[in-house]
Amino acid sequence: MKILLPLLLLLISQCLFSQGKYNSDTTRKVPFDTNRIKEQTRLSNSSDVFSYDSLYIWNDKRNLSEIMDERPGYFVFNFGLGQRNDINYNGRYSRETGIFRDGIQINDNFFQSFDIQNISVNEIDKIEEVSDVSSFFYGINSFSKSINVITKDIFQPKPFSQLRFSQDRFGALFADVLFSQPFSRKGNFQLGVTNQSGDGRYDNSAYNIWRGRGRINMFLSPTFNAKFNFYLDNYDRDLNDGLVYSANENNLTDPNNAVVVFPNTNENLENYFYDLTLTGSFFKNKNSLTKLKLYSNNSLRHLFDADTSAIRFNAYPSGYTHSVLYGLDATQNIFIPHGRDFYSDILIGGNVYLNSFAGNTFDAYTDNQYSLRLKYDLTYKRLFISGLLRNDYIYEKNYLNSGIEAKFSIYNKKDFGFDITGGVNQTKYLLFNSAWISRRNIKPVYDIYMKFYEIGGILRYKDLSVSGNLYEINYGGMYPTHYGVNSNISFISKYADATVSYNHSNELMFPQNYIKSDIAYKNILFRGKLKLKTGFNIKYYNIKNITFQQQTWYGWDYSYIPFPQQNQFIADFYVGARIGRANINLTIANIFNSLVYNTYLFPLDDRGGFLNSISRFTIVWDFIN
């Protein structure tokens, strides 16, 4: 805290200097980023993109999992603030969700899924969601969903700095500093540092996280751009694996009475990400882009597991795991106009993944994977059709995956529109369970066959939007057929926002029914100097069975034991205000002070109740030059 306060004052003082306006040295104003090639970090031009600032800065979402848990179809296995909270979609598990940063996949190549602590919430500018029909096309394990985090990429004539600071319950602090400096019209560099720490509510739940990032942009010409990124993340966190169940609720809510599963387990993680993206616009049509991405992920994990007794699983032995990924992604899309409102877009590409794994609890080995991709998009007036092919070569076996999706605008006017959507894909992929490797010194692989069907629609009338879809996942008899529904109603007006989504799934490890809502009032006051938004964020879900989770090896296991608390309800109240260049947020979490958990047994440890709001609040400031 003593270090953060001077840093806060320094950043505020920088905000007081006048930025002024950029004046061109010619009589015609030329945009500063003339050489920047647009949309080079997106996965698909037909996917959905939403802005973090416009939607979620007001109710203060603190990490990627909290943001995605607001979206229809998502459910997050929550292990506590500062932990690795798994993002799941449509009843599928996190190891099947592809997470990308600026178009480059950053899933853990050893433990498969994704550690959300690799991304600071202050990095996020926008988030791209690829449809679940097309997601398999973009990642090596994206058979459920593809999420592409588009980071803040500041390029303006003057220096730019931004600070985000928040303070939460149980000693939780968060500080993130971002600085951008142009060195010409053709480039700039950016630096960012994050520190996040907390004591945790329960025994053995403390964490301390450092993140550093750097970027060099080179906009050499309107036809050629280069971008180099470097990320370094270091985590030191305790892994208590949740609470031992007690029928006495006081033994779960009171930290002094609660008993954790593993009171002495700790991990230290060091993750290094490097990537170089080269983008060319060499064709007459600016929508035809050439992209070459070179990247690496070097991860070193040290685990100290003093709890050798098996409570739910065999304990993971203390030691280290070292994984290294070298990747290459090359794509070329060709945009072909055929006439008015009629054009094609062809994408050809390939991926190379070179993996190596070492550790003191298993034999070292390599795992190289190669992919070829072909995608054809056809747009004719109000009809859009996309066909996709991907062939993966893994362990001397070929996996050919295919899909097709379509969208048709039945009616599309300014105040009214109605679209229908649908798609189907057929995938065969290799399920690689790293946890069994480390425990048995073998490399088992399982071929998974899946057919996915989806149909839905979108209706909009002025400020009202209604959407929904039905889906089915058929595993060819290997597993029971999985089906569900996602729906969303959104009303966005001048003074009020209301969003309600309903999700249903027959997958026993996920909520049967999940209702999410955000109802808010907003206004612009004091002649535009104050933007205010205040509202309630409410969630309800019922879940029958429990999923055992063990964070020591990031594993899970099915169970048909009834969940001890099947109906979960939580309501947060928040106030967000933008004053000049600052955003200030106050959140009173869990105003009914209910015991809430969605994974056995990881209570949401940052919750406190209305009467305890003075000591259990969150305030976030964003300062933008």
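About the thresholds
Residues numbered from 1 in each chain as written. Predicted model: local features only at pLDDT ≥ 70, side-chain atom pairs only at ≥ 80, totals over all residues. Heavy atoms only, no water. Helix = DSSP H or I, 4+ residues; strand = E, 2+ residues; numbered from the N terminus. Buried < 20%, exposed > 50% of the residue type's maximum accessible area, 1.4 Å probe, protein only. Areas by Shrake-Rupley, 256 points an atom, 1.4 Å probe, with all protein chains shown as cover. Pairing = 2+ DSSP bridges. Patch = residues over 30% accessible without salt bridge, like charges linked within 9 Å, V, L, I, M, F, W, Y side chains within 5 Å. Salt bridge = Lys/Arg side-chain N within 4 Å of Asp/Glu carboxyl O. Lys, Arg positive; Asp, Glu negative; His and termini not counted. Charge placed at Lys NZ, Arg CZ, Asp CG, Glu CD. Contact = heavy atoms within 4.5 Å. Phe/Tyr/Trp six-rings, centres within 6.5 Å; stacked < 30°, edge-to-face > 60°. pLDDT = per-residue confidence, 0-100. Polar contact = N/O pair within 3.5 Å; in protein donor to acceptor, adjacent residues only side chain to side chain.

The helix and strand tally for the protein stands at five helices and 31 strands. Counting every position in the protein, which comprises 625 residues, the buried fraction comes to 55%. Looking at the protein as shown, the accessible area adds up to about 27300 Å², and 60% of this sits on carbon and sulfur atoms.

Put simply, side chains in a regular strand alternate between the two faces of the sheet. Here strand S8 (residues 160–167) lies mainly inside the structure; seven of its eight residues are buried. Sheet topology places S8 next to strand S9 (residues 173–184); eight bridges connect them, and they run antiparallel. Each residue of the ladder has a partner; that of Arg164, found in S9, is Asp176. In sequence, S8 turns back onto S9 through a hairpin of five residues, with Phe170 there showing a positive phi of about 60°.

This brings us to a positive patch on the surface. A grouping of Arg340, Lys381, Arg382 and Lys413 is seen on the molecular surface, where their side chains present a positively charged patch. Its location among the elements puts Lys413 in the loop between strand S19 (397–412) and strand S20 (416–432).

You can see Ile588 is positioned in strand S30 (residues 582–588). Residue classification places Ile588 among the buried positions, given a relative accessible area of 11%. Considering only alpha carbons, one finds Ile588 and Tyr574, 14 residues apart in sequence, at a separation of 6.2 Å.

It is worth spelling out the environment of Ile579 at this point. Relative to the helices and strands, Ile579 is located in strand S29 (residues 567–579). Relative accessible area serves as the criterion here: at 45%, Ile579 is assigned to the partly exposed category. Distance in space between the C-alpha atoms of Ile579 and Lys531 is 6.7 Å, their sequence separation being 48 residues. When neighbours within four sequence positions are excluded, Ile579 is seen to be in contact with Lys529, Leu530 and Ile584.

Below, the discussion takes up the pattern of salt bridges. Summed over the entire model, instances satisfying the criterion amount to 25 salt bridges. Arg42 serves as the salt-bridge partner of Glu39, at 3.9 Å between the closest nitrogen and oxygen. With relative accessibility at 44%, the residue Glu39 sits in the partly exposed group. The shortest N-O distance in the salt bridge between Lys61 and Glu70 comes to 3.3 Å. On the basis of relative accessibility, which here comes to 7%, the residue Lys61 falls in the buried class.

Moving on to the pairing of strand S14 (residues 290–305). As judged from the 16 bridges shared by strand S13 (residues 265–280) and S14, these two strands associate in the antiparallel manner. Bridge assignment links Leu276 to a residue of S14, and that residue is Leu294. As judged from the 14 bridges shared by S14 and strand S15 (residues 319–339), these two strands associate in the antiparallel manner. The residue bridging Lys291 from the neighbouring strand is Thr331, located in S15.

The strands making up a sheet associate through backbone hydrogen bonding, with each pair oriented either parallel or antiparallel. Read from one edge to the other, the open sheet built from five strands follows the order S1-S6-S7-S4-S5, with strand pairing classed as mixed. Unpaired on one side and paired on the other, strand S1 (48–51) and strand S5 (104–105) mark the two borders of the sheet. Examined bridge by bridge, strand S6 (residues 124–130) and strand S7 (residues 145–151) share six bridges and lie antiparallel to one another. Within the sheet, the bridge partner assigned to Glu129 lies in S7 and is Ile147.

Attention now moves to the side chain of Thr427. As for its position among the elements, Thr427 is in strand S20. Once you skip the residues sitting within four places of it in the chain, Thr427 turns out to touch Phe136, Phe143, Asn401, Ile448, Tyr449 and Met450.

A separate point is the packing of aromatic side chains. The final tally for this structure, using the stated rule, is 25 aromatic pairs. Ring geometry for Phe75 versus Tyr514: centroids 5.8 Å apart, planes at 85°, classification edge-to-face. Linking Phe75 in strand S2 (residues 74–77) with Tyr514 in strand S25 (residues 513–525), this pair joins segments that are 439 residues apart in sequence. Per residue, the accessibility class of Phe75 equals that of Tyr514, and both read buried. Look at Phe110 and Phe357: their rings are 5.3 Å apart centre to centre, the planes differ by 55°, and that puts the pair in the tilted class. Linking Phe110 in the loop between S5 and S6 with Phe357 in strand S16 (residues 342–359), this pair joins segments that are 247 residues apart in sequence. You'll find Phe110 and Phe357 in the same group, each marked buried. Ring pairs connect the aromatic residues Phe75, Phe77, Phe510, Tyr514 and Tyr541, which therefore count as one cluster.

Topologically, Leu269 is positioned in strand S13. Leu269 sits 30 residues away from Ser299 along the chain, and the two C-alpha atoms are 7.2 Å apart. The residues touching Leu269, leaving out its near neighbours within four places in the chain, are Asp115, Asp233, Asn234, Tyr235, Arg237, Ser299, Leu300, Arg301 and Tyr554.

Parts of the prediction with low pLDDT should not have their coordinates interpreted in detail. Of all residues in the protein, 87% have pLDDT values of 70 or greater, and the mean over the chain is 85. Counting interchain partners and residues more than four positions distant, the pLDDT-below-50 stretch residues 1–28 has 27 contacts. Segment residues 435–440: pLDDT under 50, and 15 contacts once partners within four positions in sequence are set aside and those in other chains are kept.

With respect to the helices and strands, Lys61 occurs in the loop between helix H2 (52–55) and helix H3 (64–68). Separated by 3.3 Å, the side chains of Lys61 and Glu70 make a polar contact.

Glancing now at unusual backbone geometry. Its identity as a non-glycine residue notwithstanding, Asn204 has a phi of 55°, on the positive side. Structurally, the position occupied by Asn204 is in the loop between strand S10 (187–198) and strand S11 (207–221). For Asn204, a relative accessible area of 11% gives the class buried.

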